[in-house]
There are 2 protein chains.
Amino acid sequence: MLVGTSIYELSTPVPVIDEAVVAGNIARVQSYMDAHGLAFRPHIKTHKIPALAEAQREAGARGINCQKISEAEVFADAGFDDILITFNILGAEKLDPLSVLNTRARLKVVADGRQTVAGLASQFSADQPLTVLVECDTGGGRCGVQGPTDAFDLAKAIAAAPGLRFGGLLTYPKPSSEEAVEAFFSATLALLAEAGIDCPVVSTGGTPSLYSAHKVPSATEYRAGTYIYNDRAMMRAGHASLDQCAMHVLATVVSRPTETRAVLDSGSKALTSDLLGFEDYGLIVDYPDARITGLSEEHAVVDLSACARKPEIGEKLRIIPNHTCVVSNMFDAVVFHHEGVVTRRLPVAARGRVW
Amino acid sequence: MLVGTSIYELSTPVPVIDEAVVAGNIARVQSYMDAHGLAFRPHIKTHKIPALAEAQREAGARGINCQKISEAEVFADAGFDDILITFNILGAEKLDPLSVLNTRARLKVVADGRQTVAGLASQFSADQPLTVLVECDTGGGRCGVQGPTDAFDLAKAIAAAPGLRFGGLLTYPKPSSEEAVEAFFSATLALLAEAGIDCPVVSTGGTPSLYSAHKVPSATEYRAGTYIYNDRAMMRAGHASLDQCAMHVLATVVSRPTETRAVLDSGSKALTSDLLGFEDYGLIVDYPDARITGLSEEHAVVDLSACARKPEIGEKLRIIPNHTCVVSNMFDAVVFHHEGVVTRRLPVAARGRVW
């Protein structure tokens, strides 16, 4: 891998990241957040690379968002000290490393139930308290307390624990549900205010409807990850244009068994099986009428029926994946380029950090 | 990670592999192959671990099957010298490492087209020839020449190239298509025999209908990977019972937001999004009526509507993944156990080797 060579000389499949597009994505979103007075906390899950989190911080981001302790450890090692882990942390095998991490960074975690808060409360003490936000299910249907009263009750339990500090409210909302998010937050904030409990942070997030963040006036913070690379799902959501997709998976046509079938070397180990509502596995930029109809681990089967012009064996194609974050997680390193010329190769430092 | 501790003390999500089930799977399949006089060549894609390939070899396997050069390099480093790479290899960036590898192992590759054969022919010479098998599409619809005449023509082209040796015929068939495979092979073998071209190997494979391997009398070799661990898809195919599934993904219930919803810490970074025709993302052994209806990267959302008994927060559950091979590829290491007690932890040495 030589800096200065063409990306088309790389061994495929390989994710290639356009430096200028990344820089543009960082600047555009930070500028929107600044204009609306929202603290912006990028989620590192998309890139998992400290150097990119550093670029996000330089642009004005305040802190980072990780999903797991083992990811946060990688970023603490790289010098990041304002880290939010948006995951319920349970069990001695996780609470012990969490308390070590809490001595190394200004750490925040979330909780959505009594058992989780009880576990955290038993692990932490007033001399090194842990900040805990209440995760709210505002319609996303994943984790979170189900209503403002439950959120308020859990906030009180956190505030009452000597080793914990109530850090605020947080949601991972359904896209375009700003009204529901605001209703949940404002009702909970009213209960907290009435009880005299300070709520330092009100955090929402998600890339798809990021540019509607200002429609949640209660929010003080926004979290997003995918915006830095973008992908086919973000194009469909109206968040990004084709030119704002920084990651392409470069793949080679390795077989043309029939007139209408091509096989690429980008299987599920490269593109992943994430469909996200699509019926095929990515957009082939060079042949937009081609459809990746099936993946096995190392092969992508492509239907060329609708293509006037068809790719030949040996040709290298650029694919915008359905979901960029999961592609990052497949590779030990990714290659960056400027106008197709390799600029650097960075390890995906937090790849595979699932606990 | 301590040998001798319970797997339930491990930080989740984590794939745990039952030593006895692995040993049973290896012995049972090898015994079938021996009984039918088929050379058995395990595909390492399922485990990606040299120590397991060694156990397969000790049981009687002849050689290994890799999908990519970078995988084969890992196994050559570990001392394996009979390696078949079942992938069309194209381009200088791949042909150069392939020729290095060909000096270190008895290497075989496949080809299904003139361009691929021409590329190989230009790279290799008579003093260190490369063995090339013709890949046949017997109905699988992926790579492969489309009929016996094409297979014969390509075999002639390989045999005519000074740097190449014709190594035989190979297919990755659709499950339960033994009749079509036999028809393709026997017709091609007749053409080869007529032309006086020796066909040293006739190779078919796949775990789902492995126990029908003897229904392809022309075949001399069988390749399979998944059988060593098995998974939910192999249970559906009738190849394996629940007790013959060696890999479980161990996951923790991290949230119970509603009466009928649980959230586990095993998202697509652990289970992968491979559906393989299922509508949900794995079988929860401890709660077979629960359904994993959605995955995000770190969360699995579980519908408990049909469960009489429901899991509690903090509980650790065993999940049989839809597809075991892709799970191996997500983790840097996997944990082995005997009756739930950890025996060893092995790096997934060939993880992420996609080129």
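Definitions and cut-offs
- Each chain carries its own residue numbering, running from 1 in the direction its sequence is written.
- Chains carry letters and ligands carry numbers; both start at the beginning, A for chains and 1 for ligands, and go up in the order they are written.
- Two thresholds apply to this predicted model, a pLDDT of at least 70 for residue-level local features and 80 or more for giving and counting side-chain atom pairs, whereas whole-chain, interface and lining totals are computed over all residues.
- The helix count covers DSSP runs of H or I at least four residues long, the strand count covers runs of E at least two residues long, and both are numbered beginning at the N terminus.
- Both definitions apply: the radius of gyration is a C-alpha atom measure, and the globule rule equals 2.2 Å times residues to the power 0.38.
- Every C-beta atom is placed from the backbone, and the number of other C-beta atoms within 10 Å of a residue's own sets its class: buried at 20 or more, exposed at 12 or fewer, partly exposed in between.
- C-beta atoms are placed from the backbone for every residue, and two residues are taken to be in contact when these atoms lie within 7 Å.
- Lines fitted to the C-alpha atoms define the axes, with helices restricted to the stretch that makes contact. Angles between their N-to-C directions range from 0 to 180 degrees.
- Each angle gets one of four labels, with under 35 degrees taken as roughly parallel, over 145 as roughly antiparallel, 65 to 115 as roughly perpendicular, and the rest as oblique.
- Crossing handedness is read from the near helix: turned anticlockwise from the far helix by less than a right angle, it gives a left-handed crossing, and turned clockwise, a right-handed one.
- Any residue outside Ala, Val, Leu, Ile, Met, Phe, Trp, Tyr, Cys, Pro, Asp, Glu, Lys and Arg is labelled polar, Gly included; the first ten of those are nonpolar and the last four are charged.
- A set of buried residues drawn from Ala, Val, Leu, Ile, Met, Phe, Trp, Tyr and Cys, joined through C-beta atoms within 7 Å, is what defines a nonpolar core.
- pLDDT gives the predictor's per-residue confidence on a scale running from 0 to 100.
- Strands were regarded as paired on the criterion that DSSP finds at least two bridges between them.
- Least squares is used to superpose the copies, and the fit set is the C-alpha atoms of residues whose pLDDT is at least 70 in both copies.

Would you mind showing me how to read the overall build of chain A here?
Within chain A one finds nine helices and 17 strands. Here the C-alpha radius of gyration of chain A, 22 Å, is about what a compact globule of 355 residues would show, namely 20 Å. A principal-axis box enclosing the C-alpha atoms of chain A has dimensions of 70 × 40 × 35 Å. When the 355 residues of chain A are sorted by exposure, 57% land in the buried category. In chain A, of all internal contacts separated by at least 6 residues, the share reaching a separation of at least 24 is 66%.

It is not clear to me how the packing of helix α1 (residues 19–35) of chain A against helix α2 (residues 50–59) of chain A should be interpreted in this structure. Could you clarify?
Packed helix pairs are specified by the crossing angle of their axes together with the interaxial distance, meaning the distance between the axes. All names here are of chain A. Close contact between α1 and α2 brings their axes to 10 Å; oriented N to C, the two are set at 40°. Looking at the two axes, α1 sits oblique to α2. Relative to α2, the crossing made by α1 is right-handed. For the pair α1 and α2, contact is made by I26, A27 and Q30 and by A55, Q56 and A59, respectively.

I tried to follow the interface of chain A and chain B on my own but got confused; where do I start?
Where the parts come together, the accessible area they lose is often given as the size of the interface. At the junction of the two partners, chain A supplies 52 residues and chain B supplies 52 residues. Those elements giving two or more residues to the side of chain A that touches chain B turn out to be β4 (82–88), α4 (92–101), β10 (247–258) and α9 (324–328) of chain A. Among the elements that take part in the side of chain A that touches chain B, β10 of chain A stands out by supplying six residues, more than any other. Considered class by class, the residues forming the side of chain A that touches chain B number 17 nonpolar, 21 polar and 14 charged.

Which parts of the structure should I look at to understand the nonpolar core?
Nonpolar side chains tend toward joint burial in soluble globular proteins. In terms of nonpolar packing, the biggest core is built from 220 residues, with V132, V134 and A300 of chain A together with V132, V134 and A300 of chain B touching the most fellow members. For V132 of chain B, the residues in contact, after removing those within four places along its chain, are V109, V110, A111, V117, L120, I158, L164, R165, F166 and G167 of chain B.

Is there a simple way to explain the environment of S209 of chain B in this structure?
Residues and elements named next belong to chain B. Structurally, S209 is set in the loop between β8 (201–205) and β9 (221–224). The class of S209 is buried, set by 20 C-beta atoms lying within 10 Å. Residues S209 and S176, 33 residues apart in the sequence, show an inter-C-alpha distance of 5.7 Å.

How should the confidence of the model for chain A be read in this particular structure?
Detailed conclusions should not be drawn from predicted coordinates in areas where pLDDT is low. The share of residues in chain A with pLDDT of 70 or more is 100%, and the mean pLDDT across the chain is 98. The ipTM for the predicted assembly is 0.97, set against a pTM of 0.97.

When you look at the pairing of strand β4 (residues 82–88) of chain B in this model, what are you seeing that I'm missing?
Working note: regular strand, side chains alternate between the two faces of the sheet. Residues and elements named next belong to chain B. Along β4, six of the seven residues are buried, which leaves the element largely enclosed by surrounding structure. Sheet topology note: the strand β3 (residues 64–66)/β4 ladder contains three bridges and is parallel. Within the sheet, the bridge partner assigned to N65 lies in β4 and is L84. Two strands pair when backbone bridges link them, and β4 and strand β5 (residues 106–111) are joined in this way by five bridges, in the parallel orientation. Bridging from a neighbouring strand, I85 pairs with V109 of β5.

So what exactly am I meant to see when it comes to the relation of the copies chain A and chain B here?
Mapping between the two chain copies consists of a rotation about an axis together with a translation along that axis. Relative to chain B, chain A is turned by 180° and slid 0.0 Å along the rotation axis, the superposed coordinates differing by an RMSD of 0.0 Å. The symmetry that links the two subunits is that of a two-fold axis. Nearest to the rotation axis, the C-alpha of S273 of chain A is located 2.6 Å from it, this being the minimum over chain A. Most of the interface of chain A is mirrored in chain B, where 100% of its interface residues are also at the interface.

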